[in-house]
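Summary of structural features
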Amino acid sequence: MRLNLHSRLAQRVLVQLSYTPYRNEKDLYDAASDVAWEIWFTTRQSFKIEVTAQHSPLTSLNFAALKIKDAVADRFRHKTGARPDVDTQWPDVRIYAHLTTDAATLYIDTSGEPLFKRGWREDKGEAPLKETLAAAMLAAAGWRGRAEDGAQDGALLDPCCGAGTIIIEAAQIACGMAPGAQRRFAFERLLPFKPFMAAWRDLKRAAEARVHKSAVPLFAGDVSFRMTDFATRNAERAGVRQAIDFKTADALQRQPPVAAGVLMLNPPYGE
């Protein structure tokens, strides 16, 4: 629950349920049959199987996914007399299988939609940056949005902001906002988490209590009025509009808004 709420860099939070050797699809069926899926979700919930592989000897990952799906459904039918439905578009539960040369690992997903989907983005540019990548850029630069850390961690300017991903991530960091505060997660539908919903509400309240005003100035803009407008609206939905100074201007002509700080941008391709 903490990882889903607070991680800015992870794409998903998975719980490992089994790790077994395998040689063929039957071994995958057996491995999935041994997992107690009934303690994780019910027959009233839909599920989907996702398979990834590195140097797997199997010729078809789709067939591997089908065998795992059959194992899950057959176990439910054996245990309860009914089976859950498969939904490849909007499943309640996502099961991940990762195959290597000789080992298969099964996971259940606690995130649902990937974690780069923070819940605030509606207006998009031509080449939107994933929020997790924007956060990774800030982390790699050592920028933490704290005025006491000096010029390398003070004011931030993104003069090619597009839909505002970098500057909005920076503003949420500077304001102490949890990246997952505005969205729902798959674990809220999983059975083992039901007894911990009060703890989940406490975690969210504690995250809300840590939100504060940014101590560093944040500047952004774009050569396009349309994109600056998109970024402004996204910042409003993200709860950080008041922390960012937006200005439509050509990046090559814009004067530095302050004497020192950090310049970070995702420049237009080919220009």
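Throughout what follows, the structure given in this document is the object of discussion. Remember, it's a predicted structure, so these values are computed and weren't measured experimentally.

**So, the environment of Phe76**
Tracing the chain through its elements places Phe76 in helix α3 (residues 61–80). Taking the C-alpha atoms as reference points, Phe76 and Thr42, separated by 34 residues in sequence, lie 8.5 Å from one another.

**Quick notes on the sheet that holds strand β3 (residues 93–99)**
Strand order across the open sheet formed by four strands is β1-β4-β3-β2, with mixed pairing between neighbours. Lying at the two open borders of the sheet, with one neighbouring strand each, are β1 (14–21) and β2 (47–53). Averaged over neighbouring strand pairs, the angle between their axes works out to 20° when direction is ignored. The pairing of β1 with strand β4 (residues 103–109) spans seven bridges and is antiparallel. Bridging across to β4, Ser18 finds its partner in Leu106. Lying on the sheet, α3 is in contact with β2, β3 and β4; it crosses β2 at an angle near 140°.

**Topic: unusual backbone geometry**
We note that His55 has phi near 60°; this positive angle belongs to a residue other than glycine. Within the secondary structure, His55 sits in the loop between β2 and α3. The exposure class assigned to His55 is exposed, which follows from its relative accessible area of 70%.

**Quick look at the nonpolar core**
One finds Phe41, Ile68 and Val72 to be the most contacted residues of the largest nonpolar core, which totals 36 residues. Where this core is concerned, the elements lending two or more residues are α2 (25–33), β2, α3, β3, β4 and α6 (197–209). Element by element, the count of residues in this core is highest for α3, at six residues. When near neighbours in sequence (up to four residues on either side) are disregarded, Phe41 contacts Phe47, Val72, Phe76, Pro84, Val93, Ile95, Ile108 and Leu191. In terms of nonpolar packing, the next biggest core, distinct from the first, is built from 27 residues, Ile166, Ala170, Ala174 and Ala238 among them.

**Re the sheet that holds strand β5 (residues 156–158)**
Across the sheet, which stays open at both edges, the four strands sit in the order β7-β6-β5-β8 with parallel pairing between neighbours. Single-partner strands in this sheet number two, and they are β7 (244–246) and β8 (262–263). Across two bridges, β5 lies against β8 in parallel orientation. Paired with Leu157 across the strands is Leu263, a residue of β8. Against the sheet, helix α5 (residues 165–174) engages β5, β6 (218–220) and β7, with an angle of about 170° to β6.

**Points about the pairing of β2**
Side-chain direction in a regular strand flips from residue to residue, so the side chains alternate between the two faces of the sheet. Here β2 pairs with β3 via seven bridges, running parallel. Within β3, the position partnered with Glu50 by the bridge is Tyr96. Viewed along the sheet, the connection from β2 through α3 into β3 turns out left-handed.

**Notes on the packing of aromatic side chains**
What the rule picks out here adds up to six aromatic pairs. A centroid spacing of 6.1 Å and a plane angle of 40° characterise the contact between Phe41 and Phe47, whose relative ring orientation is tilted. Judged by relative accessible area, Phe41 falls into the buried class, the value being 0%. Using a relative accessible area of 0% as the deciding quantity, one classes Phe47 as buried. Judged by centre distance (5.6 Å) and plane angle (5°), the rings of Phe185 and Phe187 are stacked. In terms of burial, Phe185 and Phe187 fall into one category: buried.

Thresholds, definitions, all that
For every chain, the first residue of the written sequence is number 1, and numbering continues from 1 along that sequence. Local features in this predicted model are restricted to residues of pLDDT 70 or higher, and side-chain atom pairs are both shown and tallied only at a pLDDT of 80 or more, whereas totals for entire chains, interfaces and linings draw on every residue. Derived side-chain values reflect all non-hydrogen atoms in the structure, with water molecules and hydrogen atoms excluded from consideration. Numbering of helices and strands starts at the N terminus; helices are DSSP runs of H or I of at least 4 residues and strands are runs of E of at least 2. When DSSP finds two or more bridges between a pair of strands, those strands are recorded as paired. In this analysis an axis means a line fitted to C-alpha atoms, helices contributing only their contacting stretch, and an angle means the value between N-to-C directions, from 0 to 180 degrees. Whether two residues are in contact is decided by their heavy atoms: any pair within 4.5 Å suffices. Type-normalised accessible area, obtained with a 1.4 Å probe on protein chains alone, sets the label of each residue: buried when under 20%, exposed when over 50%, and partly exposed for intermediate values. Joining through side-chain atoms within 4.5 Å is the link that ties buried Ala, Val, Leu, Ile, Met, Phe, Trp, Tyr and Cys residues into a set, and such a set is a nonpolar core. Viewed with both strands pointing away, a crossover whose connecting path from the first strand over the helix to the second turns clockwise is right-handed. Each Phe, Tyr or Trp ring (for Trp, its six-membered ring) is paired with any other whose centre lies within 6.5 Å, and the angle between the two planes then decides the class: stacked below 30 degrees, edge-to-face above 60, tilted in between.

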